[in-house]
Amino acid sequence: MKAFGFLSFGHYGPFRGSQTPTAADMIRQTIDLAVGADEIGVNGAYVRVHHFAPQQASPIPLLSAMAARTQRIEVGTGVIDFRYENPLYFAEEAAALDIIAGHRIALGISRGSPEPALRGYEAFGYTGSADPRGADLAREKFELFLRAIDGEGVADADPHQFATGTKLPVEPRSPGLRDRIWWGSGTRSTAEWTGMLGLNLMSSTLLTEDAGVPFHELQREQIDRYRAAYKEAGHTRAPRVSVSRSIFPIVTSRDAMYFGSRPEGDQVGIIDGFRSTFGKTYAAEPDDLIEQLRKDTAVMAADTVMLTVPNQLGVEYNLHILSAFAEHVAPALGWKSNTEGPVQGDPIA
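Computed from a predicted model, the values in this text were never measured in an experiment. (Residues numbered from 1 in each chain as written. Predicted model: local features only at pLDDT ≥ 70, side-chain atom pairs only at ≥ 80, totals over all residues. Heavy atoms only, no water.)

Draft legend 1. Spatial organisation of the pattern of salt bridges. Applying the stated criterion to the full structure yields 19 salt bridges. Ionic pairing is found between Arg178 and Asp150, a salt bridge with its closest N-O pair at 2.6 Å. Taken together, the residues span a long stretch of sequence, with Arg178 in the loop between β6 (167-168) and β7 (181-184) and Asp150 in the loop between α5 (135-149) and β5 (155-156) at a distance of 28 residues. Its salt-bridge partner being Asp224, residue Arg220 comes within 3.0 Å of it at the nearest N-O pair. Of this pair, Arg220 and Asp224 are both found in helix α7 (residues 215-232), four residues apart, which corresponds to roughly one turn of the helix. Residue Arg220 is classed as partly exposed on the basis of its relative accessible area of 30%. Taken together, the shared-partner salt bridges connect Arg188, Glu192, Glu221 and Arg225 into one network. (Salt bridge = Lys/Arg side-chain N within 4 Å of Asp/Glu carboxyl O. Helix = DSSP H or I, 4+ residues; strand = E, 2+ residues; numbered from the N terminus. Buried < 20%, exposed > 50% of the residue type's maximum accessible area, 1.4 Å probe, protein only.)

Draft legend 2. Representation of the environment of Glu316 within the structure. Inspection of the secondary structure assignment puts Glu316 in helix α11 (residues 315-328). On the basis of relative accessible area, Glu316 is assigned to the exposed category, the value being 69%. Separated by 289 residues in the primary sequence, Glu316 and Ile27 have C-alpha atoms spaced 15 Å apart.

Draft legend 3. Local environment of the packing of aromatic side chains. This structure, assessed with the given rule, holds 18 aromatic pairs. Considering the side-chain rings of Phe4 and Trp335, the 5.4 Å spacing of their centres and the 55 degrees angle between planes classify their relative orientation as tilted. With Phe4 in strand β1 (residues 3-8) and Trp335 in the segment after α12 (330-333), this pair connects stretches of sequence that are 331 residues apart. Looking at Phe4, the relative accessible area reads 0%, which means it is buried. Judged by its relative accessible area of 15%, Trp335 is buried. Between Tyr84 and Phe124 the ring centres are 4.9 Å apart and the planes differ by 90 degrees, which places this aromatic pair in the edge-to-face class. With Tyr84 in the loop between β3 (74-81) and α3 (87-100) and Phe124 in the loop between α4 (120-123) and α5, this residue pair connects regions lying 40 residues apart in the sequence. Classification of Tyr84 by relative accessible area gives buried; the value is 4%. Grouping aromatic residues by their ring pairs yields a cluster made of Phe82, Phe90, Phe142, Phe145, Trp183 and Trp193. (Phe/Tyr/Trp six-rings, centres within 6.5 Å; stacked < 30°, edge-to-face > 60°.)

Written as structure tokens, this is what we have:
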């Protein structure tokens with residue numbers, strides 16, 4: 001582990017104890033959290049994207065504001081549900097964001113997770129999927145998105161203005177943007193597919209498969225397969241790999257009240273029709289936390305760890321979590337502050 005960031009699911013609602021009763025509270029606080037995290041030296045500020053739910057849904061305006069108010073921190077998503085996106089318009093948005101952020105972005109994209117709406121992407125006008133989960137639609141649109149950010153002509157030009165047969169690329173474009181695109185992989189096979197494409201790998205606290213081994217071992221195998229596929233495809237750039245974890249250093253009585261009685265161990269259940277493995281929550285005093293995380297083979301194999309934060313507890317408390325991790329835990333795991341420059345991936349041996 002070289003770097004860590006926070007991953008906010010952007011929950012809001014007028015619930016007891018919530019510091020984000022409205023969407024406006026959640027959005028503004030996410031920006032403030034990114035600013036505070038940047039000052040601490042945290043490497044990344046990432047947001048989850050959900051539709052038809054009281055959570056963050058439109059990431060580009062939020063990430064643009066976060067980038068504009070920060071200096072060093074990477075801003076990104078974990079992940080964007082591409083079933084809901086127009087691939088060419090998103091290529092334009094991604095390029096503009098990359099330019100605004102000075103290339104400090106990490107856009108995680110995937111098929112997406114189950115949503116409250118039944119095939120909600122069809123309500124957005126994206127129909128024609130033969131897969132009940134829309135995976136084919138997401139892949140098809142993602143391939144067009146990659147072609148667009150690579151500068152390929154994707155639209156027929158008006159023959160009254162251009163030579164016959166001319167194809168127009170989207171504008172604006174940002175050089176090297178593809179190197180800052182991640183695929184959110186939930187299985188070992190999709191990790192291999194990501195490696196073949198030469199993209200960065202983003203893996204969360206959930207894998208939609210169960211191999212009968214601890215979660216971190218299954219995820220480490222996913223990372224190893226990704227890197228092997230990346231090398232076999234002939235890619236030479238040092239790729240990035242991130243994993244998400246729920247990690248809470250217990251350094252105050254308030255921490256103990258919130259997280260001291262969390263269940264231990266991984267969990268196995270059914271999500272979206274798949275038997276899935278859910279990673280454990282880490283909550284302990286710093287010395288114990290360091291020992292536990294050193295044994296997490298996926299955490300130690302990734303360059304970046306995303307800490308899922310309880311955004312409804314407010315900016316002050318979430319900055320406390322990030323500060324405690326930065327001060328008491330992260331240095332022992334190999335962390336380097338954002339003051340030491342952008343995060344670099346590990347070369348493929």
